[in-house]
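Chain by chain, the residues run as shown.
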Amino acid sequence: MTASRFWQISIWILVLALAIAAPWAFYNYHTGRQSGFVISMLSQMGMMSILALSYNMLLGQAGLFSLCHATFFGIGGYATIHFLNMASAGSLPLPMELIPLLSGLSGLGLAIVLGYIATKQRATAFAMITLGIGELMVTSALMFQHFFGGEGGVNTNRMIGRSLFGLTYAQGIQVYYLILAWTLLSALAMFFLTMTPLGRMANASRDNFERVQFVGYDPRMVRFFQFALSGLFAGIGGGLYAITYEIVTFDALAAPLSANALLMAYIGGSASFGGPILGAVLITLLQSGVSLMSNSWLVYVGVLFISMVIFAPSGIMGLVTAHGPIVRGGQLGRLAVPYIRVLVPGILMVAGFVGLVELTSFLTIGAAQGKSLVLFGNKIDVHATLPWLSAAVCLLGGGFWLRLEARSFRRVWEGLMQGLKPQRSVA
Amino acid sequence: MSDAALALKNVGKAFGNLEIIRGVSLDIARGERHAIIGPNGAGKTTLFNLISGRFRISSGEILLNDVRIDGLPPHKINRMGLSRSFQITSIFHRLSVFENLRCALLWSMGYRYSFWTPLWLQRELTARTDAMLEDLNLTPRRDTAAGLLSYADQRALEIGMTIAGGASVILLDEPTAGMSNSETDNAVALIRRVSKGKTLLMVEHDMKVVFDLADVITVLVYGQVIASGPPHIVRANPAVQEAYLGALDAA
Ligand SMILES: Nc1ncnc2c1ncn2[C@@H]1O[C@H](COP(=O)(O)OP(=O)(O)OP(=O)(O)O)[C@@H](O)[C@H]1O
Ligand SMILES: [Mg+2]
């Protein structure tokens, strides 16, 4: 118990240290600056972590399937643009470091109003209402031009000239550390929430909403408070978004971002607290890294999501924690060979799949853009048979091979688990 | 104040035009241990659902300590001191046994929807939850997910969650169903212990348990009370034996 607690804390500290150090690993001595691309990717990871964690207050912790979470992220963003403009104009005497607090309050305010309606229901009806709310917000954004700025969105300049630490926030690195600080603060606060009466009753109503009523709680109020607080944190995330990009449009409010929040929380693992952070980092990597290399990055995200839903419904964190008993039993080494044996056909299969997707994409989009597919320095003719054939063989061959290996992997796994099972006491 | 902790006045319940409960009147005296028996499908669980607010009644009145509770939502009825258990175990299956009991204590200890109270610092709450665990013989299972408990342990937890909040009127729906003899003995001892000074209404099929525990027995058949009184009188009632056993045979 205490040993695993020790490891958990160590991992958290390690992650934080990595986040602090990461920009300096990409320091460019010629320009004397960190890589702008890396900084903006890391910043994105920070705000997406907040979004995913706050989404998981609903999905993983309260069992609420919301489809409008970006609404609160977006409203935090829009409001923050106006706060920054007010601050520049001198009518809001607040230092930059505290602006995200107002962003959060904007998210909270809207979540109280909309949550009052949405949380009347649970399960499917709740999901439907949130879907409607999301659509409603997009429409409102078009209607209320003053606040939302219409199609073009609203913009600002983040150099408001007021800071607790005398920072100008002219450089991305300063903004990144501001984001990191708020991400840390928000994550800690959300973690704290899981250990309060409300947090516990949210878990309880996720497991069995009916029984909650018979221990004196109104499950509707549990949903309401949880929803409102998740809006608070989403708003903070949106505020950081506004500060980073200095412009906020529909993208920060609309359904695709809500779907992203869901993807991140789910792929990372909604059953554990840290899972959504992992999901946010991974999706952001795919989004900014893979999207540079491939037009089809969304295909990969989609396929990843579907595979997770089918094969690993508890997400990546769930896969990791499933190894807990084996690690504690000191048997992890016994999985090394089986892992290599599934990895080889797995890579083959993925390579085949990627090959097919890229060939298709270069046949259509690529051709339109006048690009050509280059692999290991060789230009590949997307109209020839050989590339298609080899990709298909990799995919199918790898797939069949993987099935066989997966079966023997499962046998080894179950054997290990069986051996580790503590002796059950017979009553 | 009358001495009835719980009073049902001509309570009826229909699902569509199917009348399941047909004019049930009952007075449960304060401190009484009252058993409801009856064949399968007689409406015993439905009666519990009506009293605890899970279903709305179609007609009649239900009073808890002389206050009308029919029409109130379950959580309000619970806060007024009436707590029930479920025939089909209803627990928080992903939470640990400890968390399950703590959740059952939270409202009664005044925590409400607090999102600013760190639970790990609540000494009295923890102590009372641990005492509860001890009382239920579940201490060795403290950190086990409730969904992974053995059937008997889940039933014990179900009872524990029902009584944890300190309700004065307790409704237990077949607490010993599906238990072995020794498990039943444990459960009976537990119920006897925890129902001290409280009003207990229980549905039970095991006649040994019924005659062991109950001060008063009510026989429900097809949604109607056909007899109610002390065990020896009800047992001797030929109409009861006729209806009860006859219906059992038919089932
Ligand atoms: N929600 C419902 N809708 C329609 N009919 C219902 C509903 N709930 C219960 N019933 C019917 O009411 C009748 C009584 O059911 P109930 O569960 O109250 O019986 P019971 O006396 O508890 O039986 P058992 O001993 O099997 O637990 C049954 O015929 C059942 O089908
Ligand atoms: Mg029943």
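Residues numbered from 1 in each chain as written. Chains lettered and ligands numbered in written order. Predicted model: local features only at pLDDT ≥ 70, side-chain atom pairs only at ≥ 80, totals over all residues. Heavy atoms only, no water.

Student: Please provide a residue-by-residue account of the overall build of chain A, values included.
Tutor: For chain A, the helix and strand inventory stands at 17 helices and 6 strands. If one aligns the C-alpha atoms of chain A with their principal axes, the spans along those axes are about 70 × 65 × 45 Å. Residue burial in chain A is summarised as follows: out of 427 residues, 47% are buried. Once local pairs closer than 6 in sequence are excluded, the contacts in chain A between residues at least 24 apart make up 76%. Element-wise, carbon and sulfur atoms account for 70% of the exposed surface of chain A, whose accessible area totals about 21000 Å². Across chain A, the mean location of the 22 positive side-chain charges is 12 Å away from that of the 12 negative side-chain charges. (Helix = DSSP H or I, 4+ residues; strand = E, 2+ residues; numbered from the N terminus. Buried < 20%, exposed > 50% of the residue type's maximum accessible area, 1.4 Å probe, protein only. Contact = heavy atoms within 4.5 Å. Areas by Shrake-Rupley, 256 points an atom, 1.4 Å probe, with all protein chains shown as cover. Lys, Arg positive; Asp, Glu negative; His and termini not counted. Charge placed at Lys NZ, Arg CZ, Asp CG, Glu CD.)

Student: So what's going on with the overall build of chain B? Which residues, and what values?
Tutor: Within chain B, the regular secondary structure consists of 9 helices and 10 strands. Against the globule reference of 18 Å for 251 residues, chain B gives a C-alpha radius of gyration of 18 Å, in line with a compact fold. Principal-axis analysis of the C-alpha atoms gives chain B an extent of 55 × 40 × 35 Å. Split into buried and exposed, the 251 residues of chain B put 53% on the buried side. Within chain B, contacts between residues at least 6 apart in sequence are counted, and of these 65% link residues at least 24 apart. Of the accessible surface of chain B, which amounts to about 11000 Å², a share of 52% is contributed by carbon and sulfur atoms. Between the mean site of the 26 positive side-chain charges and the mean site of the 25 negative ones, chain B shows a separation of 7 Å. (Rg over C-alpha atoms; globule rule 2.2 N^0.38 Å.)

Student: Give me the lowdown on the coordination of the magnesium ion (ligand 2), citing residues and values where you can.
Tutor: Residues and elements named next belong to chain B. Protein-derived coordination of the magnesium ion (ligand 2) comes from Thr45 (OG1) and Gln87 (OE1), at a distance range of 1.9 to 2.1 Å. With Thr45 in helix H1 (residues 44-51) and Gln87 in the loop between strand E6 (82-84) and helix H3 (97-106), this pair connects stretches of sequence that are 42 residues apart. Judged by relative accessible area, Gln87 falls into the partly exposed class, the value being 32%. (Donors = N, O, S within 2.8 Å, 3.2 Å for Na, K, Ca; no water.)

Student: Describe the interface of chain B and chain A, with residues and values.
Tutor: On the side of chain A, 29 residues touch chain B, which itself brings 36 residues to the contact. Interface of chain B and chain A: buried area, both sides summed, is about 3000 Å²; carbon and sulfur atoms make up 61% of it. Summed over the three residues of chain B that lose the most area to chain A, namely Phe92(B), Tyr113(B) and Phe115(B), the buried surface amounts to 24% of that side. Counting across the interface, chain B meets chain A through 3 salt bridges. The closest approach of N and O atoms between Glu210(A) and Arg54(B), which form a salt bridge, is 2.8 Å. (Buried area = accessible area lost by both parts, 1.4 Å probe. Salt bridge = Lys/Arg side-chain N within 4 Å of Asp/Glu carboxyl O.)

Student: Give me the environment of Val281(A): which residues, what numbers.
Tutor: Residue and element names in this part refer to chain A. Relative to the elements of secondary structure, Val281 occurs in helix H12 (residues 275-293). Given the relative accessible area of 28%, Val281 is considered partly exposed. The spatial distance from the C-alpha of Val281 to the C-alpha of Met45 is 5.3 Å, given a sequence separation of 236 residues.

Student: Lay out the packing of aromatic side chains with the relevant residues and their values.
Tutor: All told, the structure shown has 26 aromatic pairs over all chains when counted by the stated rule. Plain terms: the ring middles of Tyr300(A) and Phe353(A) are 6.4 Å apart, the flat faces sit at 75 degrees to each other, and that makes the pair edge-to-face. Of this pair, Tyr300(A) sits in helix H13 (residues 297-311) while Phe353(A) sits in helix H16 (residues 336-369), and the two are 53 residues apart along the sequence. Overall, Phe353(A) belongs to the partly exposed group, its relative accessible area being 25%. Ring plane angle 25 degrees and centroid distance 6.3 Å describe the contact between Phe409(A) and Trp413(A), whose orientation is recorded as stacked. Here the residue Phe409(A) and the residue Trp413(A) both occupy positions in helix H17 (residues 385-420), the gap between them amounting to 4 residues, near one helical turn. Comparing Phe409(A) with Trp413(A) shows no difference in burial state: the two are buried. Pairwise contacts between aromatic rings join Tyr217(A), Phe224(A), Phe225(A), Trp107(B), Tyr113(B), Phe115(B) and Trp116(B) into one cluster. The ring of Phe98(B) carries Arg142(B) above its face, with NZ or CZ at 4.0 Å from the centroid. The ring of Phe211(B) has Arg235(B) sitting right over it, with the charged end atom 4.1 Å from the ring centre. (Phe/Tyr/Trp six-rings, centres within 6.5 Å; stacked < 30°, edge-to-face > 60°. Lys NZ or Arg CZ within 6 Å of the ring centre and 35° of its normal.)

Student: Outline the site of ligand 1, listing residues and values.
Tutor: Residue and element names in this part refer to chain B. Close to ligand 1 lie 14 residues; Gly41, Lys44, Thr45, Thr46 and Gln87 are nearest. The separation between an oxygen atom of ligand 1 and a polar main-chain atom of Gly41 is 2.9 Å. Backbone polar atom of Gly43 to an oxygen atom of ligand 1: 2.9 Å apart, as the coordinates give it. Within the complex, 62% of the 640 Å² of free accessible area of ligand 1 lies under protein. (Near = heavy atom within 4 Å. Polar contact = N/O pair within 3.5 Å; in protein donor to acceptor, adjacent residues only side chain to side chain.)

Student: Mind laying out the pairing of strand E8 (residues 199-203) of chain B, listing which residues take part and the relevant values?
Tutor: All names here are of chain B. The buried count for E8 comes to 5 of 5 residues, which makes it a mostly enclosed element. Alternating positions in E8 separate into two faces, Thr199, Leu201 and Val203 on one and Leu200 and Met202 on the other, with burial throughout. Here strand E3 (residues 33-37) runs beside E8; their pairing, made up of 4 bridges, is parallel. Looking across to E8, one finds that His34 is bridged to Leu201. (Pairing = 2+ DSSP bridges.)

Student: Can you lay out the packing of H3(B) against helix H4 (residues 123-135) of chain B for me, pointing to particular residues and giving the numbers?
Tutor: Residues and elements named next belong to chain B. Between H3 and H4, whose axes approach to 9 Å, the crossing angle comes to 120 degrees. As the angle between them shows, H3 and H4 are arranged oblique. Pair H3 / H4 crosses with right-handed handedness. For the pair H3 and H4, contact is made by Val97, Phe98, Leu101, Arg102, Leu105 and Leu106 and by Leu125, Thr126, Arg128, Thr129, Asp130, Met132 and Leu133, respectively. (Axes fitted to C-alpha atoms, helices over the stretch in contact; angles between N-to-C directions. Parallel < 35°, antiparallel > 145°, perpendicular 65-115°, else oblique. Left-handed = near helix turned anticlockwise from the far one by under 90°.)

Student: Lay out the pattern of salt bridges in plain terms, naming residues and giving numbers.
Tutor: In this structure the tally under the stated criterion is 15 salt bridges over all chains. Asp207(A) is the partner of Arg206(A) in a salt bridge, and the nearest nitrogen-oxygen pair spans 2.9 Å. Notably, a salt bridge pairs Arg193(B) with Asp135(B), separated by 2.5 Å at the nearest N-O pair. In this pair, Arg193(B) sits in helix H6 (residues 181-194) while Asp135(B) sits in helix H4, placing the two residues 58 residues apart along the sequence. Residue Arg193(B) is classed as partly exposed on the basis of its relative accessible area, which comes to 40%.

Student: I'd like a rundown of the domain arrangement of chain A, residues and numbers included.
Tutor: Residues and elements named next belong to chain A. Along its sequence, chain A is carved into domain 1 (36-321) and domain 2 (324-416). For domain 1 versus domain 2, the distance between C-alpha centres works out to 33 Å. Residue-level contacts link 8 residues of domain 1 with 9 residues of domain 2. The three residues of domain 1 that bury the most area against domain 2 are Asn295, Ser296 and Tyr300, which together make up 65% of that side's buried surface. Counting across the domain 1 and domain 2 interface gives 0 salt bridges. Joining domain 1 to domain 2, the criterion identifies 4 residue pairs in polar contact (both at pLDDT 80 or more). At the level of elements, H13 and helix H14 (315-322) are the ones that each hand at least two residues to the side of domain 1 that touches domain 2. In terms of residue class, the side of domain 1 that touches domain 2 is made up of 4 nonpolar, 4 polar and no charged. (Domains from an automatic or database assignment. Nonpolar A, V, L, I, M, F, W, Y, C, P; charged D, E, K, R; others polar.)

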